[in-house]
Amino acid sequence: MIRWSTPLLLSTLLGSSFVGQAQSVTFHADVAPIIYAHCTECHRVGEIGPMPLTTYDEVFVYGEFIEYVTATDYMPPWTPDDTYSHFVGERVLTDDEKATLSAWVAAGKPEGNPADNPGIPSFPEGSQIGAPDMVMPMAEPYTHGGDMTDQYQVFVLPADPDNDLAIRALEVRPGNRTVSHHAILGLDVTGTAVNLDAQDPEPGYESFGGFGFSAESNFFGAWVPGALTLEYPPGIGRVIPAGADLLLQMHYGPSPIEETDLTEVNVFFAEEPIEREVETGIMGPQHLDQFFFLPANQERTFHGTMDVAADLSLLSVAPHCHLIGVSWEVFATSPNNQDTIPLISIPSWDFNWQGFFTFPTLTKIPAGYTLHGIASYDNTSANPFNPNDPPQNVTFGEGTTDEMFFVFFDYVLYEEGDELIALGPSDDVPCVGDLTGDGVVSVEDMLYLLSDFGCVTDCNADVDLDDAVTIADLLQLLSAFGEPC
Ligand code: HEC
């Protein structure tokens, strides 16, 4: 019997091609482009990432850790399953990119030739979308602890006392990015938040889950580091009523030293009259199949349903729960259950990386469909985020040790052609008319569309997705003719 020595066996099993590849992978040529594209926006001085990842030395020190956090999809932070549905600003590494990081570590993290380094990209300072029409700052700076704890603080930003504001975009500009982990915006037309602020001696008031009073109908968007600012398409927008308050909930991450923040919200007014006001549909505990209660030491799954009465176009979806929640799946089904529209799946919920997830284009949910939200909770001690040790019975509420079940759907009423309205950068949008997917709208696509012309169900060449191949599809294809995608 042949006895293989372990190193010999390993190198035989791995094969020479792997070792060959590993030897040729260097920091400057192969690793730096991945780090700069996916990590450095947060991992540089003054940003939320706990250490900078900008130079060979900095990345070298964390090499094995980087391999681990990327292989496990812990970094870059992106909780939705990208094989289930897609969103604007998705942060995911390809399998090839992960393999390159592993190969680099396996090869002993070689530096390579500095001339191969593509250089750190220039990250946008200031507004992403131009000069704001109005800036709503926190009234006074807030100092966050130096005690390595998280802090959730709500600040009340008064809007225009006399006029409704027609909004094209709201952009959160953190004053201190080292501790600004995420922000949630809300709207208060009741004056409740001002009273809560008055009772808290600190600037703003403390509130963990939301804004400290009924969360219904007052979420207005969210921000996380690296998020793209959502600009509503022409004719679509939101309105902040005269006299209302914008609420800014800041989540400040742990810090070993005191940090001071003064965050501002940039307000961009709609350039055209808002014909379609964005509304928020909320699935909450009243839509569940059972009473919302989480007994100690048990896991429970809740299934919420809502019927869709009119054709809707969704802009974004935002599941929301606290620390005991472990997973989410949100989708829509047709009345006969033959069609399912996947909306979002979060296999491993992380309270710290919750957000409003924006679809690349408006997403149609036809009338008669049912929206489903399924959330699982683990109220045992096996859940490392369980705030109670030992586990306690948990009810619905705003506090750190309470739980929630909400799905927020931002929508407008559907109009024909909505599926083609982009909500993010245009490269996120499938090229209209490129039926063969070869990257250009060509004669071949034309022939393909013509062969399908007149089709009324399951049409492959249905460019505008109205369930028929019509003159409208033909015109759209002609208008894109010759375009590279
Ligand atoms: C959107 C911001 C953001 C991006 C992008 C990002 N990180 Fe992070 N990273 C963080 C934050 C914040 C933490 C602190 C811990 C946490 O929240 O999990 C962290 C923690 C880490 C840690 C653990 C450090 C520790 O001591 O616990 C590693 C390693 C890491 N990131 C590597 C990466 C790599 C590699 C990438 C790119 C592939 C990346 N990160 C992309 C924000 C980011």
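Parameters and conventions
Each residue is numbered by its place in its chain's sequence as written, counting from 1. Per-residue local features are limited, in this predicted model, to residues with pLDDT of at least 70; the limit for side-chain atom pairs, both in listing and counting, is 80 or more; totals at the level of whole chains, interfaces and linings are taken over all residues. Numbered from the N terminus, helices here are DSSP runs of H or I no shorter than four residues, and strands are runs of E no shorter than two. C-alpha atoms define the radius of gyration, and 2.2 Å times the number of residues to the power 0.38 defines the globule rule. Field definition: a residue is buried when 20 or more other C-beta atoms are found within 10 Å of its C-beta, exposed when 12 or fewer are, and partly exposed for counts in between, with C-beta atoms placed from the backbone. Whether two residues are in contact depends on their C-beta atoms, placed from the backbone: they are in contact if these lie within 7 Å. Each domain's limits were defined by an automated method or a database of domain assignments. Strand pairing is assigned whenever DSSP detects at least two bridges linking the two strands. Here an angle of 0 to 180 degrees is reported between the N-to-C directions of two axes, which are lines fitted to C-alpha atoms, with helices fitted over the stretch in contact. Per residue, pLDDT measures the predictor's confidence, with a range of 0 to 100. The C-beta atom of each residue is placed using the backbone, and any residue whose C-beta lies within 6 Å of a molecule or strand is treated as near it. Basically, the charged four are Asp, Glu, Lys and Arg, the nonpolar ten are Ala, Val, Leu, Ile, Met, Phe, Trp, Tyr, Cys and Pro, and anything else, Gly included, counts as polar. Any set of buried Ala, Val, Leu, Ile, Met, Phe, Trp, Tyr and Cys residues joined through C-beta atoms within 7 Å is what this text calls a nonpolar core.

Participant: Looking at this model, I keep getting lost on the overall build of the protein. Mind explaining?
Facilitator: Of the regular secondary structure elements, the protein holds eight helices and 20 strands. Taken against the 2.2 N^0.38 rule, which gives 23 Å for 485 residues, the C-alpha radius of gyration of the protein at 25 Å falls within 12% of a compact globule. Along the first, second and third principal axes, the C-alpha set of the protein runs to 80 × 65 × 50 Å. Across the 485 residues that make up the protein, the buried fraction comes to 36%. Sequence-distant contacts, at least 24 apart, represent 79% of the contacts inside the protein between residues at least 6 apart.

Participant: Would you mind showing me how to read the domain arrangement of the protein here?
Facilitator: Quoted interface sizes are often the accessible area lost when the parts come together. According to the domain assignment, the protein consists of domain 1 (6-116), domain 2 (134-275), domain 3 (279-418) and domain 4 (430-479). On a C-alpha basis, the centres of domain 2 and domain 4 stand 43 Å from each other.

Participant: Is there a simple way to think about the sheet that holds strand β19 (residues 370-378) in this case?
Facilitator: Paired through backbone hydrogen bonds, the strands of a sheet run either parallel or antiparallel to each other. Ordered by their spatial adjacency, four strands build an open sheet running β14-β19-β16-β17, and the pairing between neighbours is antiparallel. Of all strands in the sheet, those bounded by a partner on one side alone are β14 (299-307) and β17 (340-346). For this sheet, the mean inter-axis angle between neighbouring strands, taken without regard to orientation, is 15 degrees.

Participant: How do you make sense of the pairing of strand β3 (residues 151-158) when you look at a structure like this?
Facilitator: For a regular strand, side chains alternate in direction, first toward one face of the sheet and then toward the other. Of all eight residues making up β3, seven are buried, and the element is well covered by its neighbours. Sheet topology places β3 next to strand β9 (residues 245-252); eight bridges connect them, and they run antiparallel. Paired with Q153 across the two strands is M250, which belongs to β9. As paired strands, β3 and strand β6 (residues 205-206) are joined by two bridges and run antiparallel to one another. Considered in β6, the bridge of V154 is made with Y205.

Participant: Got a minute to help me understand the confidence of the model for the protein in this structure?
Facilitator: Low-pLDDT portions of the prediction should not be read for the details of their coordinates. Put simply, the protein has an average pLDDT of 89, and 93% of its residues get 70 or more. Within the model, pLDDT remains below 50 along residues 1-22, and this stretch shows seven contacts once partners closer than five positions in the same chain are excluded.

Participant: Is there a simple way to explain the environment of G424 in this structure?
Facilitator: With respect to the helices, strands and loops of the structure, G424 is situated in the loop between β20 (406-413) and α7 (443-452). Judged by the 19 C-beta atoms lying within 10 Å of it, G424 falls in the partly exposed class. Taking the C-alpha atoms as reference points, G424 and M148, separated by 276 residues in sequence, lie 36 Å from one another. Apart from residues lying up to four places away in sequence, G424 is in contact with V88, G89, L228, T358 and P360.

Participant: Can you help me understand the sheet that holds β6 in this one?
Facilitator: Taking strand neighbours across the sheet as the criterion, the five strands line up as β6-β3-β9-β5-β7 in an open arrangement whose pairing is antiparallel. Each edge of the open sheet is held by one strand with a lone partner, namely β6 and β7 (219-223). Looking at chain direction, strand β5 (residues 180-188) and β9 are connected through eight bridges and run antiparallel. Across the sheet, H182 pairs through a bridge with H251, a residue of β9. On top of the sheet, helix α6 (residues 192-199) reaches β3, β5, β6 and β9; it is set at about 125 degrees to β3, its chief contact.

Participant: Would you take a moment to explain the site of the ligand for this structure?
Facilitator: For the ligand, the set of nearby residues contains 21 residues, the closest of which are H38, C39, C42, M75 and P76. At four residues, the largest contribution of residues to the shell around the ligand is made by helix α4 (residues 63-71). Split by residue class, the shell around the ligand holds 13 nonpolar, six polar and two charged.

Participant: Looking at this model, I keep getting lost on the nonpolar core. Mind explaining?
Facilitator: One broad rule of soluble globular proteins: the nonpolar side chains tend to lie buried together. Of all hydrophobic cores here, the largest spans 84 residues; its most connected members are L185, L246, L247, L248, L314 and V317. At six residues, the largest contribution of residues to this core is made by β20. Split by domain, this core shows at least three residues from each of two domains, domain 2 (134-275) and domain 3 (279-418). Setting aside its immediate chain neighbours within four residues, L314 contacts F359, L362, T363, I365, F409, D410 and Y411. If you look at the next biggest cluster of nonpolar residues, it comprises 14 residues, including V25, L53, L101 and W104.

Participant: Honestly, the pairing of strand β8 (residues 236-240) in this entry has me stumped. Any pointers?
Facilitator: Buried residues dominate β8, accounting for four of its five residues. Direction of pairing for strand β4 (residues 165-173) relative to β8: antiparallel, over a ladder of three bridges. Counterpart to L165 in the pairing with β8 is I240.

Participant: How should unusual backbone geometry be read in this particular structure?
Facilitator: Generally, phi is negative for residues other than glycine and the peptide bonds are trans, each holding for most cases. Omega for the bond connecting M75 with P76 falls within 30 degrees of zero, at -10 degrees, which places this linkage in the cis form. On the secondary structure map, P76 appears in the loop between α4 and α5 (95-106). Phi at K109 is positive, roughly 55 degrees, even though this residue is not glycine. Note on placement: K109 falls in the loop between α5 and β1 (134-137). On the neighbour-count criterion, K109 (19 C-beta atoms within 10 Å) is partly exposed. One non-glycine residue with positive phi stands out, namely M148, at about 60 degrees. Residue placement: M148 occurs in the loop between β2 (142-145) and β3. For M148, a count of 10 C-beta atoms within 10 Å gives the class exposed.

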